[in-house]
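Structural characterization, general
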Amino acid sequence: EDQVTQSPEALRLQEGESSSLNCSYTVSGLRGLFWYRQDPGKGPEFLFTLYSAGEEKEKERLKATLTKKESFLHITAPKPEDSATYLCAVQGGSGGSNYKLTFGKGTLLTVNP
Amino acid sequence: GAVVSQHPSRVICKSGTSVKIECRSLDFQATTMFWYRQFPKQSLMLMATSNEGSKATYEQGVEKDKFLINHASLTLSTLTVTSAHPEDSSFYICSALTSGGFYEQYFGPGTRLTVT
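All values reported here derive from a predicted model rather than from experimental measurement.

**Some details on the layout of surface pockets**
Estimated volume of the largest pocket: approximately 1,300 Å³. For the largest pocket, the lining is made up of 46 residues, of which Gly104 and Lys105 of chain A together with Gln42, Ser43 and Leu44 of chain B are closest to its centre. Counting only elements with at least two residues in the lining of the largest pocket, the list comes to β1 (3–7), β9 (84–92), β10 (101–103) and β11 (107–112) of chain A together with β4 (32–38) and β5 (44–51) of chain B. A per-class count over the lining of the largest pocket returns 16 nonpolar, 19 polar and 11 charged.

**A closer look at the state of the cysteines**
With the rule as written, the count across this model stands at 2 disulfides over all chains. Between the sulfur of Cys23 of chain A and that of Cys88 of chain A lies a disulfide, 1.9 Å long from S to S. Handedness of the Cys23 of chain A-Cys88 of chain A disulfide follows from its S-S torsion of about -65°: it is left-handed. Note that Cys23 of chain A is positioned in strand β3 (residues 19–26) and Cys88 of chain A in strand β9, a separation of 65 residues in sequence. Taking relative accessible area as the criterion, Cys88 of chain A reaches 0% and is therefore assigned buried. What pairs with Cys23 of chain B in a disulfide is Cys94 of chain B, and their sulfur atoms sit 2.0 Å apart. Its S-S torsion of approximately 80° makes the covalent link between Cys23 of chain B and Cys94 of chain B right-handed. With Cys23 of chain B in strand β3 (residues 19–25) and Cys94 of chain B in strand β9 (residues 90–97), this pair connects stretches of sequence that are 71 residues apart. With respect to burial, Cys23 of chain B and Cys94 of chain B carry one shared label: buried. No disulfide involves Cys13 of chain B; its sulfur sits 18 Å from the nearest other cysteine sulfur, which is in Cys94 of chain B.

How each quantity is defined
- Residues numbered from 1 in each chain as written.
- Chains lettered and ligands numbered in written order.
- Predicted model: local features only at pLDDT ≥ 70, side-chain atom pairs only at ≥ 80, totals over all residues.
- Heavy atoms only, no water.
- 1 Å grid on protein atoms, 1.4 Å probe; cavity = no way out; pocket = protein on both sides within 12 Å on 5 of 7 lines; lining within 4 Å.
- Points joined across faces, edges and corners; volume = space filled by probe spheres on them.
- Helix = DSSP H or I, 4+ residues; strand = E, 2+ residues; numbered from the N terminus.
- Nonpolar A, V, L, I, M, F, W, Y, C, P; charged D, E, K, R; others polar.
- Disulfide = S-S within 2.5 Å.
- Buried < 20%, exposed > 50% of the residue type's maximum accessible area, 1.4 Å probe, protein only.

Okay, here's the thing in structure tokens:
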């Protein structure tokens, strides 16, 4: 059974204070690891897909990295508008998975001005 | 690209009535769509996988007769909550799966259902 653990559960930063969110996973044949951002009362917004260990992707102040056991979402010089819940999910390759995602519980990021 | 819409965004209905939620992929075709439910301060819970032209696959514990799913075209899936009760009140979110080598899920904005 695929499992995803995100840490910390909540993170409070000052504007400009860089940090990282962690996503540890166990999966049978990783097809992809996904990062989403979710604002209150809205659906998740797609950020990144990582497919293989060593891969990195960047978007504005966010950078996602992947190893064989975990992924990090690095936030550089965050702004208050980066406040949201960040969700990590894996897509396993086991038979019959039908491209389902297994989600972690998320990290609630608050950036204070 | 990869935009998914949901309608309605909010709905209030009386106990015992049925409610239909639409999920559309606006700029791509989606053979597969997913329906999720999310409780306050919790992560997404997958309810079912919807495949165009075939029956939906429900997750364990989800009542298929209460949550009817129809995926009649490559851009539209519907979720009907039948005989709704207050415990069905929740945030329902759909996603659509892209294809062509990158099987990524893009999510709709969600539908807030309140059953009174």
